[in-house]
Amino acid sequence: MFHFDIPSNKISQGIISSIAELGRKGKFEDFIVIVEGERIKCHSFLLASCSEFFRNLLDSNMKEKQDMKVDLPSVTSKTFKLILNSLYTGEELLTNDNVLEVWSAVHMLQIRFLIQHCEDFIVDNVTIETIPEYKKQAELFHYQRFTERVFPFMCKNFMSFRKTESFLQLDFKDLMKLIESDQMKVCSEDLVLYSIYDWVSHGKSISIQGIDKNNLRTVSKADDANVNSENISSANQKELNIKGNAEDAPLISSQNQANERALYLHQLLKGSRYLLASDDCIRRLLMNTLTQSITEVKNFLVEASAMKLSSHLNGFWPNAAVQRDCSSYEHVGVVCGFLIEAYSFQTKRWTYIAPWGMNPMVTVANLNGRLYGLARNQETLELVYFSKNNWSSLLSLNFEVQLFLSHDKCIYIFSSENKITKCQMANEGAFSEAYILETEVFNLSISNAEYAVSFHKNILVFESVGNYRRARTAVHEWNVTNNVWTKVAVLDFNADHMTSFNDDLYLYILDEVGNLYRVEETETVQVTYIENIFDIRVKFKGCILFRKCLYVCGEVYGRGDYVSYVENVYTSLEFVDKPLYGQCFVPFLMERSENRFLDVKSC
């Protein structure tokens, strides 16, 4: 009846082989199990030791205990023999074809370790085709961790999974977890947004106030909702050219009813990477009558569209703008000097960026996703831009530069001659050739400008006004449109040793001794002291807030205490020690490279 190879060497293997030999010879069998009319003899001690069902039966006064036999009408003879053979020999019993039947049987027999084995097997062998039946059985057996354990598979195979009934049957929490995941593999965030609308349209029909259930239509099926690669955001467009194809088109149904899932639409969209979606996608969703019927969703997409056009993203990536792990791009902080290097926030490692010949880079700035810099070329400075892993020159400058920053669609260059050169750049995307539309020169109204930063529609300029006894900084707001300067604050620190960072609401400034200030725009500019966040001496290169972690880059001297959490500002703080050469620490979205990583300790 049993077929096996006798294990050896270990005591446990010896016990298993002895029990298997007992089963093979049919000695001392004292219990009969009847399945499909077939009487199968076995040992009650083995059944009781492995199965809670048999243990309870043999520990009772039931007729089956007295007769030492039991009829199992819900288990097939083939399945029971597989289970019994595994109990005697330890041999594998599961295949893709029998796992559901065996799983059902061991649940009925309450064999805990085989139940666990079945659960592990379906997770390890799940496919897009088997998810529905596996999920159905998991729910029947109250296997609540099924979705959690197959989650990596759903992420990896999202492009196929999104087209299945199983995707449409996900509950809200599982769908939210999926669309928020960095591990999801998708060629375009457009498809994620379209899939959200697919899921919403699949809900049970109900009456929702403010939604006309007879007048709801989604984006339209296949052809109308197909991803238009010409309108997809620059980074995603490049990926679609590699990965996208016709069958990836959204599955949004042409007929849609008002349903309970519409209540989740706003929350799901907020959890997505909507700032990585194409303008075409946002426009289609805005025209969708379901969107038009839900005011908060309509307003949200209008704001998302406006935010995608905002240069505010130059200094900060909201969660909705963070690339997934599958992306060809990664978020880095760029430091320049004789070498140009980038610190990956994902890998915590440094990588090289191609230099501009043998010329050192004085400073860099991010303008609408493109990296601009000032490179020294003998006696002059060159305004250069980075594209396709190369630097190209835009303009030669014959003066020394004090400050260099991006604002709106322009680069601003503060000279030592108290002049400001404004270079308006063509706004044609980060992968096209850059050129200057026009330049304009302004007189600088202050004498000791040490730091400048973009702030909403204006520019804040920080001027040193103290003396050797007391460091002080005057904060000026420059209205670029009207060329009006307004002094808005005086702070007790040295502007020459400060840095700043943004979140989605405020600008923050940090002085050399670790004092943190919030800058906000009300009727006037208000600067508010928050708290001292470290007592470590740092020669700043810059700060970047990424996913609520504040990265402070610079030359760190010694050790000290720091505040790892500041409510509503950051949830963790990391010092990126970068001694020796290098200026600035600029956020940038860079193409990934597997062969340019540097050893952090050697930099």
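Just so you know, these numbers come straight off a predicted model, no measurement behind them.

Caption draft 1: Structural view of the packing of aromatic side chains. A complete count under the given rule lists 32 aromatic pairs for this structure. Each ring, one from F345 and one from F546, has its centre 5.1 Å from the other, and the planes form 20°; the classification is stacked. Of this pair, F345 sits in the loop between β5 (340–344) and β6 (350–353) while F546 sits in strand β23 (residues 537–546), and the two are 201 residues apart along the sequence. With relative accessibility at 9%, the residue F546 sits in the buried group. Three or more aromatic residues link up through ring pairs in this structure, and these residues are W317, Y343, F345, W350, F546, Y551 and F585. Over the face of the ring belonging to F151 we find K177, whose NZ or CZ atom lies 4.5 Å from the ring centre. Just above the ring of W199 sits the side chain of R261; from NZ or CZ to the centre is 4.0 Å.

Caption draft 2: Highlighting the environment of V401. One can find V401 in strand β11 (residues 401–407). Of the residues examined, V401 reaches a relative accessible area of 22% and is grouped as partly exposed. As for V401 and E417, which are separated by 16 residues in sequence, their C-alpha atoms are 8.8 Å apart. Once residues lying within four places of it in the same chain are set aside, the contact partners of V401 are L374, L381, I413, F414 and S415.

Caption draft 3: Broad picture of the packing of helix α6 (residues 99–109) against helix α8 (residues 131–140). Here α6 crosses α8 at 5°, and the two axes come no closer than 11 Å. When the axes of α6 and α8 are compared, the pair comes out roughly parallel. Across the interface between the two elements, V99, L100, W103 and S104 of α6 pack against E133, Y134, Q137 and A138 of α8.

Caption draft 4: Fine view of unusual backbone geometry. In this structure, K348 takes a positive phi of about 60° despite not being glycine. Turning to its location among the elements, K348 is positioned in the loop between β5 and β6. Backbone geometry at N418 places phi at a positive 60°, although glycine is not the residue there. Exposure remark for N418: the relative accessible area of 31% places this residue in the partly exposed category.

Caption draft 5: Region of interest: the pairing of strand β4 (residues 329–336). Burial analysis of β4 places eight of its eight residues in the buried class, the great majority of the element. Burial along β4 is two-sided: Y329, H331, G333 and V335 facing one way and E330, V332, V334 and C336 facing the other are all buried. Pairing geometry for β4 and strand β26 (residues 583–591), over seven bridges, is antiparallel. Residue pairing for β26: E330 is matched across the bridge by M590. In this sheet, β5 lies alongside β4 in antiparallel orientation, the contact comprising four bridges. Within the sheet, the bridge partner assigned to G333 lies in β5 and is Y343.

The rules behind each value
Residues numbered from 1 in each chain as written. Predicted model: local features only at pLDDT ≥ 70, side-chain atom pairs only at ≥ 80, totals over all residues. Heavy atoms only, no water. Phe/Tyr/Trp six-rings, centres within 6.5 Å; stacked < 30°, edge-to-face > 60°. Helix = DSSP H or I, 4+ residues; strand = E, 2+ residues; numbered from the N terminus. Buried < 20%, exposed > 50% of the residue type's maximum accessible area, 1.4 Å probe, protein only. Lys NZ or Arg CZ within 6 Å of the ring centre and 35° of its normal. Contact = heavy atoms within 4.5 Å. Axes fitted to C-alpha atoms, helices over the stretch in contact; angles between N-to-C directions. Parallel < 35°, antiparallel > 145°, perpendicular 65-115°, else oblique. Pairing = 2+ DSSP bridges.

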